[in-house]
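Topology and contacts: notes
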Amino acid sequence: MENMFKTIEGMRDYILDLQRNMTRIPAISPDAGGKGEYQKAAYLEAELKKFKFDEIIRIEAPHKEAEGGVRPNLIAKYYGENKNKTLWLLAHIDVVPEGDRAMWKTDPFELTLDADGDTMYGRGVEDNQQAVVAALLAARAVMESGKRPPVNLGIMLLADEETGNKYGIEYVVEKRGDLFGKDDAFIVQDSGDPEGKSIEVAEKTVYWLKFTTQGKQAHASRPGDGNNAFVAGSALALALRKALYAKFDKKDNLFDPALSTFEPTKKEANVPNVNTIPATDVFYLDSRILPSYDVKDIDAEIAKVVKTIEDEYKVKVSIETINKQSSIATPADAELVKRYSEAVQKVNGVKAGIIGIGGGTFAAPVRNLGLAAVVGSRIYENPHTPNEKASIKFTLCDAKVITYILMNLK
Ligand SMILES: [Zn+2]
């Protein structure tokens, strides 16, 4: 292990090389105004071919609007002594747009190394290029050691994380479920903290609903002639919030916050002028539900509240599901979580903290196959911001953590 760690420490220039080349190719989803991952994947595929991987597979999800007409996903596998089990490292290669250029101190698509010799700036350096780099570093260290790992090492470089995973991990799981064995384990280095201590094993169910309340339009001076949908919608938002927090009040300290949350968020515009009673009101509810609750029970409570408001205000309310995503939690005593905790202690010198989060990582599709998946990394936590930065030192730590886990899995 110590020799492999030394090999990793010697790869500083390789980190810069990879980060520089990737940052120059903005892989932005067509859904966010870009061309997709075609060129970045071509660069990375060529890079993977320089390694001693036993298999390199390209899985292309058709997408007309993207360059090449596809969203490419790359999979590389290096066999272990036990070929029936794989430790998968998941990273996404798409990035979000740079946002307001004026907020950037450097060119977002040209890597800049800070005078401290450690901090790198550029769009994507943290989210999620650091994970791509850490995975390649670990692969190189293991290959250069001349030893085969106890289990297979699998690296997945995926498209489309930033705009919903449809052409990325979800496509791979749907089309190539045969790639995964029942004992496989997954590490997703796409969230974390500067100490590198948190290990995320569970997610709340993400549940987004759109509520449309229908009343009747009238002149504001004669409210009796109409039926104010905004008033009824407001009453509904408050009633939902009150009822849901009261009824679904279980606590689970794995999560922060420990409670389920039910928050009215987005509000669509109604009438453009002040003197009209609006006939339609639209708002959205963002719920993050503890995995121990059944969403059907939430739906039943919502239906009850809606009925009360409809009766009281003589309006019609329709409900549309915008997003619903739940995943099976990874047990805190899973082998992967134990090895990960040891690695964090050894490499980052801190005690691991096992946590749950508010939901929405791309570990969910593999967790739903019933496979163990953890999310964690050592990062500044500044994804999507102007002047996005990543640390060479942190990258070395992440590479060591995954190397330790890989070499100690059974
Ligand atoms: Zn990300």
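Here, the structure is the one placed above.
Quick summary incoming for the structure in this document. In this text, all values refer to a predicted model and were calculated from it rather than measured experimentally.

**Quick look at the sheet that holds strand β13 (residues 280-289)**
Reading across from one edge, β11-β13-β9-β14 is the order of the 4 strands in this open sheet, with antiparallel pairing throughout. If you trace the sheet from one side to the other, it starts and ends with β11 (261-267) and β14 (316-325), each paired once. Recorded for the sheet is a direction-independent mean angle of 25 degrees between the axes of neighbouring strands. In this sheet, β14 lies alongside strand β9 (residues 205-214) in antiparallel orientation, the contact comprising 9 bridges. Paired with Leu 209 across the two strands is Thr 321, which belongs to β14.

**Concerning the coordination of the zinc ion**
Coordination of the zinc ion by the protein comes from His 92 (NE2), Asp 127 (OD), Asp 190 (OD) and Asp 190 (OD), over a distance range of 1.9 to 2.6 Å. Around the zinc ion, the 4 donor atoms are arranged such that angles at the metal cover 52 to 144 degrees; this shape is classified as irregular. On the primary sequence, the residues serving as donors to the zinc ion are separated as H-x34-D-x62-D. Placement of His 92 in strand β3 (residues 82-92) and of Asp 127 in helix α4 (residues 125-144) is noted, with a sequence separation of 35 residues between them. On the accessibility criterion, Asp 127 (8% relative accessible area) is buried.

**Examining helix α1 (residues 2-9)**
Those residues of α1 that fall on the buried side of the exposure criterion are Met 4, Phe 5 and Ile 8. Seen along its axis, α1 keeps its buried residues to an arc of 100 degrees; they face one direction. Opposite the packed face of α1, turned more than 90 degrees from it, sit the exposed residues Asn 3 and Lys 6. Looking at the packing, one finds that the buried side of α1 touches α4, α8 (335-348) and α10 (392-408).

What counts, and where the lines are drawn
Residues numbered from 1 in each chain as written. Predicted model: local features only at pLDDT ≥ 70, side-chain atom pairs only at ≥ 80, totals over all residues. Heavy atoms only, no water. Pairing = 2+ DSSP bridges. Helix = DSSP H or I, 4+ residues; strand = E, 2+ residues; numbered from the N terminus. Axes fitted to C-alpha atoms, helices over the stretch in contact; angles between N-to-C directions. Donors = N, O, S within 2.8 Å, 3.2 Å for Na, K, Ca; no water. Tetrahedral: all angles 85-135°; square planar, octahedral: opposite > 155°, others 65-115°. Buried < 20%, exposed > 50% of the residue type's maximum accessible area, 1.4 Å probe, protein only. Arc of directions from axis to C-beta. Contact = heavy atoms within 4.5 Å.

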